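# Survey of secondary and tertiary structure
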Amino acid sequence: GPSPICSSLECHPDVPSTVGSVCRPTRAVLVHPVADGTTTGTGGAVRFADWAGAKVARGPRSAKFFAWAMGLVFHQGGTISTVLTGATVRPVGDRHRVSHEELSYIVDSTAAPITSVALVSTWVGYQIGLIGDLAEASGTTGYGLFLEMLPYSFYSLLSILFVLALAATGRD
């Protein structure tokens, strides 16, 4: 049956219909943010950072690249991506003397933008819910329209490339 939370979202007068439309069964998206939180809460992120960071990060520049790559890997949702990526790369950045401010910029400018253009994420599910009715009216699916819109996601794509350039050049 339908979720009581989704039912109340769809019927509540103060909630725009686009928010409620995310809960429709045809637009439901299955995500695993609990697994991301479990990884952070149990120390799995720190152990992963120690293991992967030792193999990848050899100095400040490769530590920045590691932070960028982890932002690409952990892309479930905007906030949880940033928290998980930050918890993972902080020990590596500390070991290679990358400032917390710079790591914060790298994490936020990678993990959040990749969430909006990844093929599967919580934010993509929300976007599909927003454009679903428009897509159906134009003869396509919400996901099909999302894929057509990807090349026009300039902010997200340019942010990801700019942070890669920052990591590759070592310049601030």
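Read on for a plain summary of the structure. On a predicted model such as this, the values are computed, not experimentally measured, just so you know.

All right, on to the packing of helix H8 (residues 122–137) against helix H9 (residues 142–149) then. Running from amino to carboxyl end, H8 crosses H9 at an angle of 105 degrees, the nearest separation of the two axes being 8 Å. Comparing their axes, H9 and H8 come out roughly perpendicular. Between H8, through Val124, Gln127, Ile128, Ile131, Gly132, Leu134 and Ala135, and H9, the contact on the second element is made entirely by Gly142, Tyr143, Leu145, Phe146 and Met149. Residue classes in the contact of H8 with H9 are distributed as nine nonpolar, three polar and no charged.

The residue arginine 97 is not glycine, and still its phi comes out positive at about 55 degrees. Within the fold, arginine 97 resides in the loop between helix H6 (78–95) and helix H7 (100–117). The exposure class assigned to arginine 97 is exposed, which follows from its relative accessible area of 78%.

What follows covers the packing of aromatic side chains. Evaluation of the coordinates by the stated rule reveals four aromatic pairs. Measuring from ring centre to ring centre gives 5.0 Å for tryptophan 123 and tyrosine 126, while their planes differ by 35 degrees; the resulting arrangement is tilted. With tryptophan 123 and tyrosine 126 both in helix H8, this residue pair falls three residues apart, about one helical turn. The class of tyrosine 126 is partly exposed, set by a relative accessible area of 26%.

On to H8, then. Its 16 residues place the ends of H8 24 Å apart at the C-alpha level, agreeing with the 22 Å of an ideal helix rising 1.5 Å per residue. Val124, Gly125, Gln127, Ile128, Gly129, Ile131, Gly132 and Ala135 are the residues of H8 that are buried.

Our focus in this paragraph is the side chain of serine 109. Tracing the backbone shows serine 109 in helix H7. Leave out the neighbours within four places in its chain, and serine 109 touches Ser159, Ile160 and Val163.

A separate point is the pattern of salt bridges. Inspection of the entire model under this criterion finds one salt bridge. Put simply, lysine 64 and glutamate 102 hold a salt bridge, and the shortest N to O gap is 2.9 Å. Of this pair, lysine 64 sits in helix H5 (residues 60–73) while glutamate 102 sits in helix H7; the two residues are 38 residues apart in sequence, bridging distant segments of the chain. Pair check on accessibility: lysine 64 and glutamate 102 agree, each one buried.

Moving on to a nonpolar patch on the surface. A cluster of nonpolar residues, Leu119, Val120, Tyr143 and Leu147, forms a patch on the protein surface that exposes about 340 Å² of accessible area. With respect to the helices and strands, valine 120 occurs in the loop between H7 and H8. Accessibility expressed as a relative area gives 51% for valine 120, which makes it exposed.

Rules of the game
- Residues numbered from 1 in each chain as written.
- Predicted model: local features only at pLDDT ≥ 70, side-chain atom pairs only at ≥ 80, totals over all residues.
- Heavy atoms only, no water.
- Axes fitted to C-alpha atoms, helices over the stretch in contact; angles between N-to-C directions.
- Helix = DSSP H or I, 4+ residues; strand = E, 2+ residues; numbered from the N terminus.
- Parallel < 35°, antiparallel > 145°, perpendicular 65-115°, else oblique.
- Contact = heavy atoms within 4.5 Å.
- Nonpolar A, V, L, I, M, F, W, Y, C, P; charged D, E, K, R; others polar.
- Buried < 20%, exposed > 50% of the residue type's maximum accessible area, 1.4 Å probe, protein only.
- Phe/Tyr/Trp six-rings, centres within 6.5 Å; stacked < 30°, edge-to-face > 60°.
- Expected span 1.5 Å × (residues − 1).
- Salt bridge = Lys/Arg side-chain N within 4 Å of Asp/Glu carboxyl O.
- Patch = residues over 30% accessible without salt bridge, like charges linked within 9 Å, V, L, I, M, F, W, Y side chains within 5 Å.
- Areas by Shrake-Rupley, 256 points an atom, 1.4 Å probe, with all protein chains shown as cover.

Treat this as a map of the structure, not an account of what it does.
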